[in-house]
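# Results of the structural survey
Listed below, chain by chain, are the residues.
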Amino acid sequence: MLTGVVGLATAGSFQVSPVRVQLTPFNPTGAISVRNDSQAESVVLQLRVMDWKQEQGEDIYTPSTELIATPPIFTIAAGGAQTVRVGLRKTVQTDVQQTFRLYLTEVPPPPKEGFQGLQVALNIGIPIFVAPKVVTGTPPVWRAAMTPDGKLGLSATNASNMHVQILDAQLYDEQDGVAVAALREPRYILAGQTSSWQLALTRQPKGMLRATIRTDAGSIETKIPLATPIP
């Protein structure tokens, strides 16, 4: 069984749906549809499965031995489609959500005679999540402080045992309701991790901030104290 966000990713002449997969130990396999939109040329794709961790706000990827995907390499004829299947090697319940990425990478054909230029291999990474035994935790904990160069340093700590995806945020001065900054960079924060941003300000905040934050789990309204400047 496959559950997840219904969506579509496009790269060059091929499309992938859905753009995120959620598995459980009880439903450990899923399917992804890949379609070649070109009506003239076939496309060759190669699969890579990676363990996905985060350290100090940075994504870390290593080849996975826990997740498999088939077929590992395949050709889709012009206008055709292919079903990719992903699954866990072992159905083990864990306390923290397991996180992976499946990469679909285009294998460029040999250059045509007389070709001069650069061939680009398109690459799409599909997040794959495996639910923990029990979902625990609270919404992200937000902190804010002015930086020495006059920007707003913003951070979010995910205290849950599941990921959260920050889609965007609008920050207002709590004192007068004026919008002072906006976050427009979508980002995943994995369980127990912290992510940080530096945002340009339209005006110096006078005190506490009020934030309206959109995530993949819904919207959040919260107040964020403005701490002393970040050294």
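Now for a look at the structure at hand. (Residues numbered from 1 in each chain as written. Predicted model: local features only at pLDDT ≥ 70, side-chain atom pairs only at ≥ 80, totals over all residues. Heavy atoms only, no water.)

The next subject is the overall build of the protein chain. Tallying secondary structure elements over the protein chain gives zero helices and 20 strands in all. With 231 residues in all, the protein chain has 40% of them scored as buried. Taking as baseline every contact in the protein chain between residues at least 6 positions apart, the subset at least 24 positions apart corresponds to 62%. Just so you have it, the protein chain exposes about 12,400 Å², and 54% of that area is on carbon and sulfur atoms. (Helix = DSSP H or I, 4+ residues; strand = E, 2+ residues; numbered from the N terminus. Buried < 20%, exposed > 50% of the residue type's maximum accessible area, 1.4 Å probe, protein only. Contact = heavy atoms within 4.5 Å. Areas by Shrake-Rupley, 256 points an atom, 1.4 Å probe, with all protein chains shown as cover.)

Glancing now at the nonpolar core. Among soluble globular proteins, nonpolar side chains are generally buried collectively. Counting residues in hydrophobic clusters, the biggest one holds 24 residues, and the most contacted among them are V16, I32, V34, L102, I126 and I128. Residues contacting I128, with those up to four places away along its chain left out, are V21, L23, L67, V86, Q98, T99, F100 and L102. Grouped together as the second largest cluster of nonpolar side chains are 21 residues, A156, L171, L199 and L209 included. (Core = buried A, V, L, I, M, F, W, Y, C linked by side-chain atoms within 4.5 Å.)

Within this structure, the stated rule accounts for 10 salt bridges. Between K206 and D176 there is a salt bridge, and its shortest N-O distance comes to 3.5 Å. Placement of the pair is K206 in the loop between strand 17 (194-199) and strand 18 (209-215) and D176 in the loop between strand 14 (164-173) and strand 15 (179-183), with a sequence separation of 30 residues. With its nearest N and O atoms 2.6 Å apart, the salt bridge here joins R187 to E185. Each of the salt bridges in this network shares a partner with another, and the network as a whole consists of D173, D176, R203 and K206. (Salt bridge = Lys/Arg side-chain N within 4 Å of Asp/Glu carboxyl O.)

We now examine the pairing of strand 13 (residues 152-157). The buried fraction of strand 13 is high, at five of six residues. The pairing of strand 12 (residues 141-146) with strand 13 spans six bridges and is classified as antiparallel. By the bridge assignment, A145 is partnered in strand 13 with G153. Between the end of strand 12 and the start of strand 13, which pair antiparallel, lie five residues, with G150 showing a positive phi angle near 85 degrees. (Pairing = 2+ DSSP bridges.)

Strands sit in the order 17-13-12-20 across an open sheet of four strands; the sheet is mixed. Of all strands in the sheet, those with a lone pairing partner are strand 17 and strand 20 (226-227), marking the two edges. Pairing between strand 13 and strand 17: six bridges, direction antiparallel. Bridging from a neighbouring strand, G153 pairs with Q198 of strand 17.

Moving on, we come to the environment of T147. With respect to the helices, strands and loops of the structure, T147 is situated in the loop between strand 12 and strand 13. Here the alpha-carbon distance between T147 and L199, two residues 52 residues apart in the chain, equals 9.7 Å.

Once that is clear, we can look at the packing of aromatic side chains. All chains considered together, the criterion is met by six aromatic pairs. Seen from their ring centres, W142 and W197 are 5.8 Å apart, and the 20 degrees between their planes marks the pair as stacked. Residue W142 is found in strand 12, and its partner W197 is found in strand 17; the two are separated by 55 residues along the sequence. Feature note: the residues W52, Y61, Y103, F129 and Y188 constitute an aromatic cluster, connected by ring pairs. Between the NZ or CZ atom of R101 and the centre of the ring of W52, over which it lies, the distance is 4.4 Å. The ring of Y172 has R210 lying over it, and the distance from NZ or CZ to the ring centre is 4.7 Å. (Phe/Tyr/Trp six-rings, centres within 6.5 Å; stacked < 30°, edge-to-face > 60°. Lys NZ or Arg CZ within 6 Å of the ring centre and 35° of its normal.)

Across two bridges, the pairing between strand 12 and strand 20 is parallel. For A144, the partnering residue across the bridge sits in strand 20 and is L226.

Okay, unusual backbone geometry next. Residues S17 and P18 are joined by a peptide bond in cis, for which omega reads 0 degrees. Positionally, P18 belongs in the loop between strand 2 (14-17) and strand 3 (21-23). Put simply, T70 and P71 share a cis peptide bond, and its omega is -5 degrees. Here P71 lies in the loop between strand 7 (67-70) and strand 8 (73-76). The residue Q56 is not glycine, and still its phi comes out positive at about 50 degrees. Looking at Q56, the relative accessible area reads 83%, which means it is exposed.

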